[in-house]
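Observations on the three-dimensional arrangement
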Amino acid sequence: MTLTSQEKSQLIAKAASDKKALDIMIMNMHDLTTTTDYFIVCSATTATQVRAIADNIEDEMTQAGEEFLHKEGYQNAEWILLDFGNCVAHIFTEEARRFYGLESLWGEAPTIEYED
């Protein structure tokens, strides 16, 4: 069964929540870019937690039959990006999230806070 991009975004957000990610936001990118439908953005308090969240997202998506296309930042774990095509997960340390300001950069995107 293939998931819709909205279902993928919810599964990614839930997988992040399961590892105690902070401030999980789902950004609707449909009208802003042709490369992806959703950004899922969240924070963690340590690099270890950033990796644990990324690992859980990858595991849950693999179990759902969804493979990622690209992964960046795992070694340093200040900001890990997991690209699933129509959904991209961004997992930040709190400091890195403030520094890069992804939500401000894409401020026009309709955004909802994920609640489990």
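Note that this is a predicted model, so its numbers are computed, not measured. (Residues numbered from 1 in each chain as written. Predicted model: local features only at pLDDT ≥ 70, side-chain atom pairs only at ≥ 80, totals over all residues. Heavy atoms only, no water.)

**Structural notes on the pattern of salt bridges**
- For the structure on display, the rule yields five salt bridges.
- With a shortest N-O distance of 3.5 Å, D23 and R97 are connected by a salt bridge. Of the two residues, D23 sits in strand β1 (residues 22-28) while R97 sits in helix α3 (residues 94-100), which places them 74 residues apart along the sequence.
- D23 gets classed as partly exposed once you look at its relative accessible area, which sits at 44%.
- R97 gets classed as buried once you look at its relative accessible area, which sits at 7%. (Salt bridge = Lys/Arg side-chain N within 4 Å of Asp/Glu carboxyl O. Helix = DSSP H or I, 4+ residues; strand = E, 2+ residues; numbered from the N terminus. Buried < 20%, exposed > 50% of the residue type's maximum accessible area, 1.4 Å probe, protein only.)

**Re helix α1 (residues 5-18)**
- Taking 1.5 Å per residue as the helical rise, α1 with its 14 residues ought to reach 20 Å, and the 20 Å between its terminal C-alpha atoms agrees with that figure.
- S5, K8, S9, I12, A13, A15, A16 and S17 are the residues of α1 that are buried.
- For α1, the secondary structure elements touched by its buried residues are β1, β2 (38-44), α2 (47-63) and β5 (87-93).
- Downstream of α1 by one or two residues, K20 has phi in the positive range, about 65 degrees. (Expected span 1.5 Å × (residues − 1). Contact = heavy atoms within 4.5 Å.)

**Regarding the pairing of β1**
- By the bridge criterion, five bridges tie β1 to β2 in an arrangement that is antiparallel. Note on β2: the bridge partner recorded for L22 is S43.
- Both β1 and strand β6 (residues 111-113) contribute to a ladder of three bridges, which runs antiparallel. Note that in β6 the partner of M27 across the bridge is T111. (Pairing = 2+ DSSP bridges.)

**A short note on the packing of aromatic side chains**
- All chains considered together, the criterion is met by six aromatic pairs.
- Among the aromatic residues, ring-to-ring pairing joins W79, F92, F99 and Y100 into one connected group.
- Here K71 stacks its cationic end above the ring of Y74, 4.8 Å away from the centre of that ring. (Phe/Tyr/Trp six-rings, centres within 6.5 Å; stacked < 30°, edge-to-face > 60°. Lys NZ or Arg CZ within 6 Å of the ring centre and 35° of its normal.)

**A few points about the side chain of H90**
- Tracing the backbone shows H90 in strand β5.
- We classify H90 as buried; its relative accessible area is 4%.
- Setting aside residues up to four positions removed in sequence, H90 forms contacts with F39, I40, V41, C42, W79, I80, L81 and L102.

**Here's the deal with the environment of H90**
- Sequence separation between H90 and F39 is 51 residues; the distance between their C-alpha atoms is 7.2 Å.
- One polar contact links H90 to W79, side chain to side chain, over a distance of 3.2 Å. (Polar contact = N/O pair within 3.5 Å; in protein donor to acceptor, adjacent residues only side chain to side chain.)

**Digging into the pairing of strand β4 (residues 79-83)**
- Here strand β3 (residues 70-72) pairs with β4 via three bridges, running antiparallel. Across the sheet, H70 pairs through a bridge with D83, a residue of β4.
- Counting the residues that bridge the hairpin from β3 to β4 gives six residues, and of these G73 lies at a positive phi of roughly 85 degrees.
- Across five bridges, the pairing between β4 and β5 is antiparallel. Bridging across to β5, D83 finds its partner in V88.

Limitation: the analysis is restricted to geometry and does not speak to function.
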